[in-house]
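Architecture at a glance
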Protein chains: 2
Amino acid sequence: MKDIFKISISRVTLRRLADYLCILLQLPVERFKQISSAQFAKIIGSKPSRVRQDFHYFGGFGKPGHPYDVGILLSELKQVFGLDDRIGILIVGATPAAEMLLNNSMLKTLNIHIAGIVDFNRRKIDKDFHGHKIRAPKDVPALKADNNIKIGVITCEEPEPAVKLLVENNIRGIWNLSPRHVSAPKGFHIRYENITGGLLHLLYDLIEL
Amino acid sequence: MKDIFKISISRVTLRRLADYLCILLQLPVERFKQISSAQFAKIIGSKPSRVRQDFHYFGGFGKPGHPYDVGILLSELKQVFGLDDRIGILIVGATPAAEMLLNNSMLKTLNIHIAGIVDFNRRKIDKDFHGHKIRAPKDVPALKADNNIKIGVITCEEPEPAVKLLVENNIRGIWNLSPRHVSAPKGFHIRYENITGGLLHLLYDLIEL
DNA sequence: TAGATTGTTAATCGATTAACAATC
DNA sequence: TAGATTGTTAATCGATTAACAATC
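Right, let's walk through the structure included here. If you're wondering where the values come from, they're calculated on a predicted model, not measured in any experiment. (Residues numbered from 1 in each chain as written. Chains lettered and ligands numbered in written order. Predicted model: local features only at pLDDT ≥ 70, side-chain atom pairs only at ≥ 80, totals over all residues. Heavy atoms only, no water.)

Here we come to the relation of the copies chain B and chain A. Note on the identical chains: chain B maps onto chain A by a rotation of 180° and an axial translation of 0.0 Å, with an RMSD of 0.0 Å. Each copy turns onto its partner about a two-fold axis. Relative to the rotation axis, the closest C-alpha in chain B is found at P96 of chain B, a distance of 3.2 Å. The residues that chain B uses at the interface reappear at the interface of chain A in 100% of cases, marking a shared surface. (Least-squares fit on C-alpha atoms with pLDDT ≥ 70 in both. Contact = heavy atoms within 4.5 Å.)

As a further point, take the protein's contact with DNA strand C. In the vicinity of DNA strand C, 26 residues are found, and the nearest of them are S10 of chain A together with S37, G62, G65 and Y68 of chain B. Sugar and phosphate atoms represent 60% of those atoms of DNA strand C found within 4 Å of the protein. In the model, a base nitrogen of DNA strand C is placed 3.4 Å from a nitrogen or oxygen of the S49 of chain A side chain. Within the contact set of DNA strand C, a phosphate oxygen lies 2.7 Å away from a side-chain nitrogen or oxygen of Y68 of chain B. Every element with two or more residues in the surface near DNA strand C is listed here: α3 (48–56) of chain A together with α3 (48–56) of chain B. (Near = heavy atom within 4 Å. Polar contact = N/O pair within 3.5 Å; in protein donor to acceptor, adjacent residues only side chain to side chain. Helix = DSSP H or I, 4+ residues; strand = E, 2+ residues; numbered from the N terminus.)

Turning our attention to the pairing of strand β7 (residues 149–154) of chain A. Residue and element names in this part refer to chain A. When you tally the buried positions in β7, you get five out of six residues, the bulk of the element. As paired elements, strand β3 (residues 87–92) and β7 share five bridges and run parallel to each other. Directly across from V92, in β7, lies its bridge partner I154. Across four bridges, β7 lies against strand β8 (residues 173–176) in parallel orientation. Looking at β8, one finds that I154 is bridged to N176. Handedness of the crossover joining β7 and β8 through helix α8 (residues 159–168): right-handed. (Buried < 20%, exposed > 50% of the residue type's maximum accessible area, 1.4 Å probe, protein only. Pairing = 2+ DSSP bridges. Right-handed = clockwise from strand over helix to strand, strands pointing away.)

What follows is about the nonpolar core. Ranked by size, the top nonpolar core spans 114 residues in total, and within it F81, I112 and L200 of chain A together with F81, I112 and L200 of chain B carry the most contacts. Beyond its immediate stretch of four places on either side in the chain, F81 of chain A contacts L14, L17, A18 and L21 of chain A together with L200, H201, L203, Y204 and I207 of chain B. (Core = buried A, V, L, I, M, F, W, Y, C linked by side-chain atoms within 4.5 Å.)

This is the structure:
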């Protein structure tokens, strides 16, 4: 990463960079000390030139004549996403989606930890949820102070109160796994993750004529 | 949908069409009998001309001079994704991600039902999983015969045996929620759903300089 | 009819790709 | 050095957008 400026990177490129990172983390380390743009492209189903162009936006991560060094690549890609610090996320909603995140091995590998699970339902508060104590909304400031919480994840069906809570606590990244669109003030970043979208796309692919 | 031919539609357009459909399904029906491209664009954070262009690939879903009729739009969009028939999906892996899908209200609304949950772990087979009996891999042919199963969902960490099972049973849509990339023979459609990709994108957005 | 809003086109903008110079 | 593979450019290809004609 040679540039100090944060250049404007397209959503698709950024998304692919995330995929590259996840692929590297899944690779058997002993067998892959180096990886070429061609090998990479084959795994991900892309083209070597696209891989190199994606890296090029950040000045390139290799040296001409040699395949990429997996260790260097990993460290550069982690830096792109600000993963040098340990990142905390706050889950809003003690739901099956929350459990899925608790169970997600990639998050641990990325040095992203679940700093707490909050629920609005009073009967759930203080109960155990797969090894985590469910917290009350009023506990969020204390949790945030201790855990470098950058992102709040909305896993409940109704996103409005969750967004309100995150905005009040100035948690500026909002990952919306609920089915409804929602908005937040300027300075907050929301991502609507419509999981069924991928399934529908697949259904379209299956239609034949 | 005026065209009989399946035109080549870009991934981004198709993905937005899925989002449009999900938004319509979440809209309070009483208040929205009609919706204009401008209203739509505002909800989804897009532009009216892009909404209309997306619909235009399918010949357009409205009549000049009038906003779209929500009922017609819903029916057209469902048709785009082949949702006129009741679609069945098979879940491979009795995992938290599987529970998340069982709990997903959008799937029910889309007339997509979970036809069965299969696991490779013998100790899990025949046990109850949130109201579903966990099935053995050998039961898949019978399940498929009864349930119009179009898609198999891989929710376990290790995708290889799951893909093998789906290919053997000629389930041609493979929705891979596992962290690893995987390939399948020609004629099968695989979608790798890297959920952490969205989270990483959000982390990038939060970096400031 | 007049007004509203779509369908459709074409210009603009951005992403992909191939080609090759650079260089380890 | 020669070979390999990157970094970088520029051409091509595709998506977005604005503008307006069509029309209910």
